[in-house]
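Each chain is listed here by its residues.
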Amino acid sequence: HLSSIIAVCIENCISQETLLRVSMIDVLTQVHNRRAFNAELSKELSRACRSQHPLSCLFIDLDHFKQINDNYGHPTGDRVLRGSAQTIKEQLRKTDFIARFGGEEFAILLPGCEKPQALQIAINILQAIKRQQFRADDDREFGITLSIGATTCPTQQIVPCGLSDLADLLVASADKGVYQAKAQGRDQVCFSPFNDDTALQTEEVELSNA
């Protein structure tokens, strides 16, 4: 009887762990979801505070995604999201964290990355996606481009008492970089400095300098 009770308890624990893990995964793309990203961001900022290592963040937006759905249909749009997520993931290190932030947006955490390394990863993603070809239901082939915002939280600004504010600022800075990339014509990376005025300036990254 005791063995049966223990077995049921173990099974319940496994079920709860499985449900928790599933709740952190985006069903369509099979990468993490926004809820998982928020939890990981808090964890990585705490780790960066202890180790005094920088933390970089990339925000990625698929250019003209609405036109893909309009021109080729939503099933093709879903394939683009799945294929793009896997291609992006292939450019990352094992320690990096990718999540579908919402719609056609992805967010990436790059632990221990200074600005140059974060920009190189962003450029690698940009170029890998440009090489990728997608196929519509009617066999038409097409490619896509990305707008990427990047930012880096320097070690001197990572303090335990302000981790929540730092998390918001990190996301806001990377997101501002995306808006700048889109405003400048898309298909590019823009670096948004991490500072207390929510990164009012951005810096376009020239691929030729990579």
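Everything quoted here is computed from the prediction, not taken from an experiment. (Residues numbered from 1 in each chain as written. Predicted model: local features only at pLDDT ≥ 70, side-chain atom pairs only at ≥ 80, totals over all residues. Heavy atoms only, no water.)

Caption draft 1: Summary view of the overall build of the protein chain. Of regular secondary structure, the protein chain possesses six helices and eight strands. Ordered by position in the sequence, the α and β elements of the protein chain form the string α-α-β-α-α-β-β-α-β-β-β-α-β-β. The buried share of the protein chain, taken over its 210 residues, is 44%. Roughly 11000 Å² of accessible area belongs to the protein chain as shown, and the carbon and sulfur atoms make up 51% of that amount. (Helix = DSSP H or I, 4+ residues; strand = E, 2+ residues; numbered from the N terminus. Buried < 20%, exposed > 50% of the residue type's maximum accessible area, 1.4 Å probe, protein only. Areas by Shrake-Rupley, 256 points an atom, 1.4 Å probe, with all protein chains shown as cover.)

Caption draft 2: Inspection of the side chain of Glu44 at higher detail. Tracing the backbone through its elements, the reader meets Glu44 in helix 2 (residues 34-51). Side chain to side chain, Glu44 and Arg47 meet in a polar contact 2.7 Å long. Setting aside its immediate chain neighbours within four residues, Glu44 contacts Leu55, Leu109 and Pro111. (Polar contact = N/O pair within 3.5 Å; in protein donor to acceptor, adjacent residues only side chain to side chain. Contact = heavy atoms within 4.5 Å.)

Caption draft 3: Layout of the pairing of strand 3 (residues 105-111). Extensive coverage of strand 3 is indicated by the burial of six of its seven residues. Where strand 1 (residues 55-62) and strand 3 come together, seven bridges link them in antiparallel fashion. Among the inter-strand pairings, Phe59 is bridged to a residue of strand 3, identified as Ala107. For strand 2 (residues 97-102) and strand 3, the ladder comprises five bridges, and the chain directions are antiparallel. Residue pairing across strands places Ile98 opposite Ile108, the latter belonging to strand 3. Between strand 2 and the antiparallel strand that follows it, strand 3, lie two residues; Gly103 among them carries a positive phi value of about 55°. (Pairing = 2+ DSSP bridges.)

Caption draft 4: Region of interest: the environment of Leu58. Turning to its location among the elements, Leu58 is positioned in strand 1. Distance in space between the C-alpha atoms of Leu58 and Ile98 is 9.2 Å, their sequence separation being 40 residues. In this structure Leu58 touches Phe106, Ala107, Ile108, Leu110, Ala118, Ile121, Ala122, Ile125, Ile148, Gly149 and Ala150, once residues within four positions along its chain are discounted.

Caption draft 5: Up close: the packing of aromatic side chains. Within the structure shown, the criterion is met by four aromatic pairs. Taken together, the aromatic side chains of Phe37, Phe59 and Phe101 make up a single cluster linked through ring pairs. The lysine or arginine in question, Lys115, covers the ring of Phe191, its NZ or CZ lying 4.6 Å from the ring centre. (Phe/Tyr/Trp six-rings, centres within 6.5 Å; stacked < 30°, edge-to-face > 60°. Lys NZ or Arg CZ within 6 Å of the ring centre and 35° of its normal.)

Caption draft 6: Inspection of the pattern of salt bridges at higher detail. Enumeration over the complete set of coordinates arrives at eleven salt bridges. Ionic pairing is found between Asp96 and Arg93, a salt bridge with its closest N-O pair at 2.5 Å. Note that Glu141 is salt-bridged to Arg135, the shortest N-O span being 2.6 Å. On the basis of relative accessibility, which here comes to 48%, the residue Glu141 falls in the partly exposed class. (Salt bridge = Lys/Arg side-chain N within 4 Å of Asp/Glu carboxyl O.)

Caption draft 7: Summary view of the confidence of the model for the protein chain. Model confidence for the protein chain is summarised by a mean pLDDT of 87, while 81% of its residues fall at 70 or above. No element of the protein chain has a lower mean pLDDT than strand 8 (residues 203-205), at 60, and none a higher one than strand 3, at 98. (pLDDT = per-residue confidence, 0-100.)

Caption draft 8: Helix 4 (residues 74-90), seen in detail. In this model helix 4 runs 24 Å from its N-terminal to its C-terminal C-alpha over 17 residues, within 8% of the 24 Å that 1.5 Å per residue would give. Inspection of helix 4 places Thr76, Gly77, Val80, Leu81, Gly83, Ser84, Ala85, Thr87 and Ile88 among the buried residues, and these make up the whole buried set. (Expected span 1.5 Å × (residues − 1).)

Caption draft 9: Main features of the nonpolar core. Within the largest apolar cluster, 33 residues are counted, with the highest numbers of intra-cluster contacts made by Leu58, Phe106, Ile108, Ile125 and Ile148. Secondary structure elements with two or more residues in this core: strand 1, helix 3 (65-72), helix 4, strand 3, helix 5 (115-131), strand 6 (146-153) and strand 7 (188-191). Aside from chain neighbours lying at most four places away, what touches Ile148 is Leu58, Phe59, Ile60, Ala122, Ile125, Leu126, Gly177, Val178, Ala181, Gln188, Val189 and Cys190. Formed by 23 residues, the second largest nonpolar core is a distinct cluster that contains Leu55, Leu166, Leu170 and Val171. (Core = buried A, V, L, I, M, F, W, Y, C linked by side-chain atoms within 4.5 Å.)

Caption draft 10: Representation of helix 5 in the model. For helix 5, which comprises 17 residues, the first-to-last C-alpha distance of 25 Å matches the rise-based estimate of 24 Å (1.5 Å per residue) to within 8%. Within helix 5, the full set of buried residues consists of Ala118, Leu119, Ile121, Ala122, Ile123, Ile125, Leu126, Ala128 and Ile129.

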